Amino acid sequence: MSVTQITSGGFETVVEVAKGMRRIVKEKGGDDRLKHKLLATVFYEASTRTSGSFQAAIMRLGGKFLHVDGQGNSSAAKKKESLSDTIRCLECYVDVLVLRHPVTGSVPKVAKIAAKPMLNAGDGIGEHPTQALLDAFTIWDELKGDPKVVVFLGDLKHGRTVHSLARLLVQLRPNSDLVLRFCSPPGLEVPSKVLEYCQEHGVKHETYDDLNNACQGSQVLYATRIQRERFESEEAYETVKGSYIVDKAFMATAPSNMRLLHPLPRVDEIAPDVDDDDRAAYFRQMENGMYVRMALLALMLGKADE
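What counts, and where the lines are drawn
Residues numbered from 1 in each chain as written. Predicted model: local features only at pLDDT ≥ 70, side-chain atom pairs only at ≥ 80, totals over all residues. Heavy atoms only, no water. Core = buried A, V, L, I, M, F, W, Y, C linked by side-chain atoms within 4.5 Å. Buried < 20%, exposed > 50% of the residue type's maximum accessible area, 1.4 Å probe, protein only. Contact = heavy atoms within 4.5 Å. Helix = DSSP H or I, 4+ residues; strand = E, 2+ residues; numbered from the N terminus. Salt bridge = Lys/Arg side-chain N within 4 Å of Asp/Glu carboxyl O. Pairing = 2+ DSSP bridges. Axes fitted to C-alpha atoms, helices over the stretch in contact; angles between N-to-C directions. Phe/Tyr/Trp six-rings, centres within 6.5 Å; stacked < 30°, edge-to-face > 60°. Lys NZ or Arg CZ within 6 Å of the ring centre and 35° of its normal. Parallel < 35°, antiparallel > 145°, perpendicular 65-115°, else oblique. Left-handed = near helix turned anticlockwise from the far one by under 90°. Right-handed = clockwise from strand over helix to strand, strands pointing away.

S.K.: Requested: an account of the nonpolar core, with residues and values cited.
M.R.: Core analysis: the biggest nonpolar cluster contains 61 residues, and Phe-152, Leu-169, Leu-180, Phe-182 and Leu-297 have the highest contact counts within it. The residues contacting Leu-297, other than those within four sequence positions of it, are Leu-34, Leu-39, Phe-54, Ala-57, Ile-58, Val-96 and Leu-119. Core analysis: the next-biggest nonpolar cluster, separate from the first, contains 19 residues, Leu-153, Met-258, Ile-270 and Tyr-282 among them.

Listed below in structure tokens is the structure:
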């Protein structure tokens, strides 16, 4: 439900199982350890990568999925069925659930009444813990060691991926030489509770408004889009749209060992001409998402060692 539940040992377990899943997919496409297991992907907000990677993950392991669109042709959308009733009914049919909902805190709340295992696929502007796990997996996989300076860029106020990854990095490297830098337009600064979490765990944090300054000496740039759907008006969105653009010219001045990550989708914050740069890791990051979610499903269903 939250990255605060993840220990260093737990993260190492996920990493090792995910690496095993990657080997299996590369060698033979998958296996049948989750044969006859059924996953419900329940999404009340739009999703491509999270829903698609979970669905691919269960199928790669021999299982199947049942998808419910909370915004579309469902009782939740058309008949105003409560979230708790929807989940309690769906868990009668499946073995594990993945839930995304627009209300912050809604997923952990309903998980308390669920009888079947459930994963948080994003709750409003709260958290996105499985994204944080795949992001952290990618960081360590790309760097082949501990990150020291990580820069978060963009809409840090509404970005649940930022909130989750920042907390997870702090949890994994407390009281260390890790530095988290936050670079955002005015009004979209990272919430104070994230900064307080850094302080409580002995991790240095810095704030910037200049991208070039923020990236000096960095190993990771984690870019995010300005989230249009979170703004109260189009005018408010337009004032900050395009505040930062990572393009070829910027990458020419960025550290040679810096990796560029993005949870996607992107709008205009990363130019397409950056895609061919070896430091652009966001599509490798998306592939890793399937392996990490394969690992999570196998671990939750007691099939990780098969």
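S.K.: So what's going on with the environment of Gln-55? Residues and values would help.
M.R.: Its location among the elements puts Gln-55 in helix 2 (residues 49-60). Taking the relative accessible area as the measure of exposure, Gln-55 reaches 13% and is therefore buried. A sequence separation of 238 residues divides Gln-55 from Arg-293, and the C-alpha atoms of the two residues are 9.3 Å apart. When sequence neighbours within four positions are dropped, the list of residues in contact with Gln-55 reads Thr-41, Phe-65 and His-67.

S.K.: Would you mind going over the pattern of salt bridges in detail, with residue names and values included?
M.R.: Within the structure shown, the criterion is met by 14 salt bridges. For Arg-22, the salt bridge identified is with Asp-141, shortest N-O distance 3.0 Å. Within this pair, whereas Arg-22 is found in helix 1 (residues 8-28), its partner Asp-141 is found in helix 6 (residues 129-143), the two being separated by 119 residues in sequence. Looking at Asp-141, the relative accessible area reads 16%, which means it is buried. Notably, a salt bridge pairs Lys-204 with Glu-206, separated by 3.3 Å at the nearest N-O pair. Taken together, the shared-partner salt bridges in this structure form one network comprising Arg-22, Asp-141 and Lys-144.

S.K.: Explain the sheet that holds strand 3 (residues 96-101) to me, and be specific about the residues and the numbers.
M.R.: One open sheet accounts for four strands, arranged 2-1-3-4; its pairing is parallel. Of all the strands in the sheet, just strand 2 (64-69) and strand 4 (118-123) have a single pairing partner and so form its edges. Strand-to-strand twist of the sheet, defined as the mean angle between neighbouring strand axes without regard to direction, takes the value 15°. Of the strand pairs in this sheet, strand 1 (residues 38-43) and strand 3 are connected by five bridges, and their pairing is parallel. The partner of Thr-41 across the bridge, within strand 3, is Val-98. Contacts between helix 2 and the sheet are confined to strand 1, strand 2, strand 3 and strand 4, with strand 1 contributing the most and set at about 175° to the helix.

S.K.: Tell me about the packing of aromatic side chains, residues and numbers included.
M.R.: Enumeration over the complete set of coordinates arrives at four aromatic pairs. Feature note: the residues Phe-152, Phe-182 and Tyr-222 constitute an aromatic cluster, connected by ring pairs. When the ring centre of Tyr-197 is taken as origin, the NZ or CZ atom of Arg-167, which lies over that ring, is 6.0 Å away.

S.K.: Any details on the environment of Ala-249? Residues and values, ideally.
M.R.: When you line up the elements, Ala-249 lands in helix 11 (residues 248-253). Sequence-wise, Ala-249 and Leu-221 are 28 residues apart; in three dimensions their C-alpha atoms are separated by 15 Å.

S.K.: How would you explain the packing of helix 7 (residues 160-172) against helix 8 (residues 192-200) if you had to name every residue and give the values?
M.R.: Two numbers describe how helix 7 lies on helix 8: the axes approach to 10 Å, and their chain directions differ by 5°. Between helix 7 and helix 8, the angle is such that the two are roughly parallel. Residues His-163, Ala-166, Arg-167, Val-170 and Gln-171 of helix 7 form the contact with helix 8, whose own contacting residues are Lys-193, Val-194, Tyr-197 and Cys-198.

S.K.: Quick one: what's the story with the sheet that holds strand 5 (residues 149-153), residue by residue and with numbers?
M.R.: Spatial strand order, 7-6-5-8-9: five strands in an open sheet with parallel pairing. Two strands bound the open sheet, and with one partner strand each, they are strand 7 (204-208) and strand 9 (259-261). If you compare each strand with its neighbour and ignore which way they point, the axes differ by 20° on average. Pairing analysis gives five bridges linking strand 5 to strand 6 (residues 179-183), with the strands arranged parallel. By the bridge assignment, Phe-152 is partnered in strand 6 with Phe-182. Packing of helix 7 onto the sheet brings it into contact with strand 5, strand 6 and strand 8 (220-223), and relative to strand 5 it is tilted by some 165°.

S.K.: Please provide a residue-by-residue account of the packing of helix 2 against helix 12 (residues 282-300), values included.
M.R.: Two quantities define a packed helix pair, namely the angle between the helix axes and the distance between the axes. The interhelical angle for the contact between helix 2 and helix 12, taken along N-to-C directions, is 55°, at an axis separation of 8 Å. With respect to their mutual orientation, helix 2 and helix 12 come out oblique. Handedness of the crossing formed by helix 2 with helix 12: right-handed. Between helix 2 and helix 12, the contacting residues are Arg-49, Thr-50, Ser-53, Phe-54, Ala-56, Ala-57, Ile-58 and Arg-60 on the first element and Met-286, Gly-289, Met-290, Arg-293, Met-294 and Leu-297 on the second.

S.K.: Now, about the pairing of strand 4: what can you tell me, with residues and values included?
M.R.: Among the six residues of strand 4, six are classified as buried, and the element is accordingly described as predominantly covered. Note that strand 3 and strand 4 share four bridges and pair parallel. Its bridge partner being in strand 4, Leu-99 is matched across the sheet by Asn-120. For the segment spanning strand 3, helix 5 (residues 106-111) and strand 4, crossover handedness is right-handed.

These values are about where atoms sit, not about what they do.
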